[in-house]
Each structure stands twice: as structure tokens, then as C-alpha cells.
Amino acid sequence: MSDFTIEATAVTPQVTFEADARQMSLEGECYPENPMPFFDGITAKLATWYTGAKPPEFVAIFRLQYVNSSSTKGFRALLSMFNDWGKDGTEVQVVWEHEEEDDTMEELGQDLVEDFGYIHLETATF
Amino acid sequence: MDIGSFATFTQYAQKSQVFYYYHGEFSTPIVEAAAHSLKARMADEGTAAQKSRKLFSTFIEMAQNVMHYGVQAQTAGGQDVDAKLGAIAVGKANDTQFWIACANLVAYGSIPRISAKLREVQTLSLEEIKRQYKEQLRNDEHSQNDAVSKGAGLGFLTLARDSSEPLEFHFLSDPTRTDNAAYFFIKAVI
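Rules used in this analysis
- Residues numbered from 1 in each chain as written.
- Chains lettered and ligands numbered in written order.
- Predicted model: local features only at pLDDT ≥ 70, side-chain atom pairs only at ≥ 80, totals over all residues.
- Heavy atoms only, no water.
- Helix = DSSP H or I, 4+ residues; strand = E, 2+ residues; numbered from the N terminus.
- Buried < 20%, exposed > 50% of the residue type's maximum accessible area, 1.4 Å probe, protein only.
- Contact = heavy atoms within 4.5 Å.
- Areas by Shrake-Rupley, 256 points an atom, 1.4 Å probe, with all protein chains shown as cover.
- 1 Å grid on protein atoms, 1.4 Å probe; cavity = no way out; pocket = protein on both sides within 12 Å on 5 of 7 lines; lining within 4 Å.
- Points joined across faces, edges and corners; volume = space filled by probe spheres on them.
- Core = buried A, V, L, I, M, F, W, Y, C linked by side-chain atoms within 4.5 Å.
- Nonpolar A, V, L, I, M, F, W, Y, C, P; charged D, E, K, R; others polar.
- Phe/Tyr/Trp six-rings, centres within 6.5 Å; stacked < 30°, edge-to-face > 60°.
- Pairing = 2+ DSSP bridges.
- Axes fitted to C-alpha atoms, helices over the stretch in contact; angles between N-to-C directions.

Caption draft 1: Region of the structure containing the overall build of chain B. If you tally the helices and strands in chain B, you get 7 helices and 5 strands. Mapped in sequence order, the helices and strands of chain B form the string α-β-α-α-β-β-α-α-α-α-β-β. Taking all 190 residues of chain B together, the buried fraction comes to 43%. Sequence separation of 24 or more characterises 68% of the internal contacts of chain B that already satisfy a separation of 6 or more. With the model as given, the accessible surface of chain B reaches about 10,100 Å², and the carbon-plus-sulfur share is 53%.

Shown next, in the form of C-alpha cells:
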């Protein structure tokens, strides 16, 4: 089974991955002082699944209330991996959800995905 | 602190409408607890969501800045104290605005670099801040050299983006220190 759930902590969001649905969701707040262990864990698990599954499509749902500046690099790296999957032939969709009137989070989603041409970005509010 | 000094301290705090003040070790659990207490306070007072978010973000960026870049304090004997020390305070600037200020030790030699970065950020418009932020986000090389970041890092840009006034900063050297460290102060208005 490639499915996994990483429970939320005070400073990291909950991560859920369902291989059958080819869908990952990340929900909550993300502001660890050192974000790399959190992101490296997700990246490693997803990369292993991708290499074996070569899925035709993949959806990543981000529903975040707050991200600190050091975590933005982690999100960037994660999205860069998804973009590579897109390049490789997988249809990649990123759903970036933010709170109403949270311009900062809305703009972060756009900035993060901006030069990743293989990602279809959809934004929504929650 | 004698009781007279404490009385003076509380009067200053009251005058500046300080409602949160912490001085001591900056560690992950302490910063997390402080951030949650600040959030509860904002919710209690019915602070507008956008202002709450900016205040919370500024608090985290300032506190984590101390943890990342602050130099370790030393005892009088020159031994490293295994903790990053600093102070952070939040208060009301007026009926609609908050101020938030942070103090920590930095290496004396890093003062020109930090000053240059902050002076540059002070001159930027909100649009320019956002543009630089976007550029910095793409600059993968930067993350490799983050310990001595070049250009204004994402942290300072995030603070500047959320502050309604240019960031203020100040350095104070202490001739009695033997560890080649100086005090660094930074302030934002939300």
C-alpha cells in the first residue's frame, strides 16, 4: 500500500495520500523552524509511489491557513517534483485553497506555480 | 529587579500598551506556545482576520529569525550558552494598529550586511517587495547558502510585506561584552 497519512502537528499540516484516487491533500498550517524533515518525508514517499505507478493523472490539494517564509522553499521543491511528473506525461492538477480575503496565501499559490508549465492550477476559497 | 524598577518597568509597558513581552531562550516549544497564546488573544479581542494573520506571521518570522541567525550568548567565562536568547514584544500602536518588536544578539561583523539589506527593503514599495519575494522564491541557490543569505531574504521581505510602515531597526553595541556580539532590534507596525 502506498497510501499514507501524516498527522498534523502544532506547526505542520495533515498530509493524506490515496494511491487509488491519485490524490494528495495537505491541510492546516505550516511553520516549522526547520521545514526540511517534513518536506523530505513527503517527497520521498511520493517519489517512490510515482516511480512504481507512473499514473496518468495526479491531483494535489493544498488547503493552508498559514505558511512561514522558510517553508515556502519546501512547497516550491514539492511543486517542482509535480512539474517534473507533468513533463513526464502525467496530468498534474494543483488545487490551491485559501481562506477568504487571504491575499497572501492566494498570491503564494500563484507565485509558487508560476513557472511550472506542466501544472494546472485551480484556486478556490474555503 | 527591585520593586521600584519593576514599578517603572510596568509603567513603561503600560504607556507603550505592551500586552505581550517575552525575554529569554528562543526554542521551538517556547515559540510555538507564544504563537498560540498570541492567536488566542487576537481571537479573544475580535481582531480582524487579516490583521491577525499579519501579526501572527510577523511574530513567527521575527522569532524564527532569532533562532536562525541570532548568535549564541556566552557566559562571562566565554562559554557558549546552548540557546538563542532574545526578547519580543507586542503592543498597541493606536486603536487600529499593533507594533511588534524583537531584539537579539548578532555577530558584530554582520551589522553592515544586515543594515544594507534592511535599508534596501525600507525603500521598496509593496509591489517591489512582492516582486523581490517572487524572485527570491525562485532563487534555489539562495536556499543552499541561507546561513549567510545574499540580497534581502524571504524573512525580511515577509516582514516588510506585512508591515504598514517601513521596518525600523537599530543596533546597540555593548562594550562590556567579550563575545563580539551586538544587540539587533527590529520593529514592524501591523
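Once the structure has been displayed, the description carries forward.
Caption draft 2: Examining empty space enclosed by the protein more closely. In the structure shown here, the tally under the stated rule is 2 cavities of 30 Å³ or more. What the largest cavity holds in volume is close to 60 Å³. Every residue lining the largest cavity is listed: V11(A), Y31(A), P32(A), E33(A), T28(B), V31(B), E32(B), Q64(B) and M67(B). Where the lining of the largest cavity is concerned, the elements lending two or more residues are α2 (28-45) and α3 (49-69) of chain B. The biggest single contributor to the lining of the largest cavity is α2(B), with 3 residues.

Caption draft 3: The nonpolar core, seen in detail. With 78 residues, the main nonpolar core has M24(A), L46(A), F62(A) and F82(A) as its most contacted residues. When residues of this core are assigned to their parent elements, the largest contribution, 8 residues, is made by α3(B). Setting aside chain neighbours within four positions, we find F62(A) in contact with M24(A), L26(A), F75(A), L78(A), L79(A), F82(A), V94(A), V95(A), W96(A) and E97(A).

Caption draft 4: Summary view of the layout of surface pockets. By volume, the second largest pocket amounts to about 500 Å³. Around the second largest pocket, the lining comprises 29 residues; the ones closest to its centre are D103(A), T104(A), K54(B), R161(B) and D162(B). Sort the elements by how many residues they give to the lining of the second largest pocket and helix α3 (residues 103-113) of chain A lands first, with 6 residues. The residue inventory of the lining of the second largest pocket, partitioned by class, reads 8 nonpolar, 10 polar and 11 charged.

Caption draft 5: Up close: α3(A). Burial in α3(A) covers these residues: M105(A), L108(A), G109(A), D111(A), L112(A) and V113(A). Looking at the buried side of α3(A), the elements it contacts are β4 (57-67), α2 (69-87), β5 (91-98) and β6 (119-125) of chain A together with α5 (126-138) of chain B.

Caption draft 6: Region of the structure containing the packing of aromatic side chains. All names here are of chain A. Scanning the model with the defined rule gives 25 aromatic pairs over all chains in all. Ring centres 6.0 Å apart and planes at 65° place the aromatic pair W49 and W85 in the edge-to-face group. Of this pair, W49 sits in helix α1 (residues 36-53) while W85 sits in helix α2, and the two are 36 residues apart along the sequence. Here W49 and W85 have matching classes, each one buried. With 4.8 Å between their ring centres and 55° between their planes, F58 and F82 make a pair best called tilted.

Caption draft 7: Geometry of unusual backbone geometry. Of note, the phi angle at K54(A) is positive, near 40°, even though the residue is not glycine. Relative to the elements of secondary structure, K54(A) occurs in the loop between α1 and β4.

Caption draft 8: Focus on the sheet that holds strand β1 (residues 4-6) of chain A. Sheet architecture is open: 6 strands sit in the order β1-β2-β3-β4-β5-β6 (chain A), paired in mixed fashion. Here the strands that pair on one side only, and so sit at the sheet edges, are β1 and β6 of chain A. Neighbouring strand axes in the sheet, compared pairwise and without regard to direction, differ in orientation by 10° on average. Here 7 bridges tie β5(A) to β6(A), and the two strands are oriented parallel to one another. The residue of β6(A) that forms the bridge with V95(A) is E122(A). Packed onto the sheet, α3(B) meets β3 (23-30) and β4 of chain A and runs at close to 90° relative to β4(A).

Caption draft 9: A look at the environment of I60(B). Within the fold, I60(B) resides in helix α3. With a relative accessible area of 0%, I60(B) lands in the buried category. Put simply, I60(B) and K117(B) are 57 residues apart on the chain and 20 Å apart in space, counted from C-alpha to C-alpha. Discounting chain neighbours no more than four positions away, the residues touching I60(B) are Y31(A), Y66(A), N68(A), V31(B) and A35(B).

Caption draft 10: Fine view of the environment of C102(B). Residue and element names in this part refer to chain B. Checked against the element boundaries, C102 lands in strand β3 (residues 98-107). By relative accessible area, C102 is classed as buried at 4%. Residues contacting C102, with those up to four places away along its chain left out, are M62, V66, A87, I88, F184, F185 and I186.

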